[in-house]
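# Survey of secondary and tertiary structure
Each chain, written out:
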Amino acid sequence: MMPFIDLAAQQEALRGRLDEAVARVLDHGAYILGPEVFELESTLADMVGRRHCISCASGTDALQMFLMAKGVGPGDRVVVPDFTFVATAEAVRLVGADPVFADVDPITYTLDPLSVAEAWRLEGPDPVGVIAVDLFGHPAPTPTLEAVVADLGAWVLVDAAQSFGAERDGRSSLADGLAATTSFYPAKPLGCYGDGGAIFCDDDELAEVLRSVRVHGEGVNRYDHARVGLTGRLDTIQAAVLLVKLEVFDHEVDLRQEVAARYTELIASDGVATPVVADGCRSVWAQYTIRVDGREAIRQALAEAGVPTAVFYPQPLHRSSAYSSAPVVPDGAPVTERITGRVVSLPMHPHLGETDQVRVVEALRTVLDSS
Ligand SMILES: Cc1ncc(COP(=O)(O)O)c(C=O)c1O
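Residues numbered from 1 in each chain as written. Predicted model: local features only at pLDDT ≥ 70, side-chain atom pairs only at ≥ 80, totals over all residues. Heavy atoms only, no water.

### Digging into the site of the ligand
Gly59, Thr60, Asp159, Gln162 and Ser183 are the nearest of the 15 residues found near the ligand. At 2.5 Å, a side-chain N or O of Thr60 approaches an oxygen atom of the ligand. A distance of 2.7 Å separates a nitrogen atom of the ligand from a polar side-chain atom of Asp159. A total of 390 Å² of accessible area belongs to the ligand in isolation, and the protein chains cover 92% of it. Ranked by residues supplied to the shell around the ligand, first place goes to helix H3 (residues 59-69) with three residues. Tallied by class, the residues present in the shell around the ligand amount to five nonpolar, eight polar and two charged. (Near = heavy atom within 4 Å. Polar contact = N/O pair within 3.5 Å; in protein donor to acceptor, adjacent residues only side chain to side chain. Areas by Shrake-Rupley, 256 points an atom, 1.4 Å probe, with all protein chains shown as cover. Helix = DSSP H or I, 4+ residues; strand = E, 2+ residues; numbered from the N terminus. Nonpolar A, V, L, I, M, F, W, Y, C, P; charged D, E, K, R; others polar.)

As structure tokens, this is what we get:
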């Protein structure tokens, strides 16, 4: 079976530099908030074009820390897509607030602004904010969402866990919204060798509160706790790994464009909907996700041909047991209902070669032709 995501090829290319970087941390011994953490934060903030980067322990912590810093809690509602990884809604529940599920666009799978607006028609409290997810690495329509909710007094947070490196109009998609969060989970476009995440924002006050939340709500001195916080720091060793990975990141993003373009060209078939990137956007292709009928038979045939696939995500989040009591916008989420039964993601990583891609597509064609 070929790998779905090949982290070994990247590690092989970087191994010497990774060993040196980790050894430097072992030598200086500043395992918590060591110099690599601050170097990484300043490098990432520059790359994204934000004043502040606050690194943290995971993409989920990043979402939760933002919500804590904004004082979101019981009785508050936050709009999230019905089609996303559970962490987006989970963070809302972790602070005691309620997610409201809205539908996504059938082409980009990111929040549909018209569906988001419906959340204000629900009975009960108005939402305080919206979490827009750059799903599969494709930017959400964050500027449009901001325009929709600005008069309603709500903020937009970008959940860019899957999209570090994505752009809209030549700017990082993490530069939009009141803030953006990302994840450095190993399989993400920019991944470390454990868990990690970051929050990006421009507001000095928000950044200060986030830094305090990251360390138990630390106040002006270490044992004056200004607020309730977390143990939310990124390990210095993970920051050191990320600094090495950044040396090849731009090149890898270019390779991802080539791999995606090659898939789209090779697949070109009536029976398969290949992904489409919205005008002015650059996806970072965290996943290459197609839509097909008869998904399970196709997955089975691909597996038999040694091609792994994955389904992100098999059901609308509002149908998940833990979220079934949360409200859905009045018109429901028909797009999410439809696509969750048809999406399937193919092997995708920057080092995926043409030979393997041809193998994937030939296996796909064989099963389509026989059905
Ligand atoms: C859309 C989305 N949000 C949040 C997260 C949470 O990130 P982490 O796994 O680093 O907590 C993920 C990652 O899996 C994700 O895909």
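### Some details on the pattern of salt bridges
Summed over the entire model, instances satisfying the criterion amount to 15 salt bridges. As a salt-bridge pair, Glu296 and Arg299 come within 4.0 Å of each other at their nearest N and O atoms. Placement of both Glu296 and Arg299 in helix H9 (residues 295-304) is noted, with a separation of three residues, approximately one turn of the helix. With a relative accessible area of 47%, Glu296 lands in the partly exposed category. Taken together, the salt bridges that share partners define one network made up of Arg168, Arg171 and Asp176. (Salt bridge = Lys/Arg side-chain N within 4 Å of Asp/Glu carboxyl O. Buried < 20%, exposed > 50% of the residue type's maximum accessible area, 1.4 Å probe, protein only.)

### Points about the side chain of Asp103
On the secondary structure map, Asp103 appears in the loop between strand S3 (98-102) and helix H5 (113-118). Despite its burial, Asp103 pairs with no opposite charge; the closest candidate is Arg338, at 7.1 Å N-O. Within polar-contact distance, the side chain of Asp103 engages the backbone nitrogen of Val335 at 2.8 Å. At 2.7 Å, the side chain of Asp103 forms a polar contact with the side chain of Thr336. In this structure Asp103 touches Leu111, Asp112, Ser115, Gly332, Ala333, Pro334, Val335 and Thr336, once residues within four positions along its chain are discounted. (Lys, Arg positive; Asp, Glu negative; His and termini not counted. Contact = heavy atoms within 4.5 Å.)

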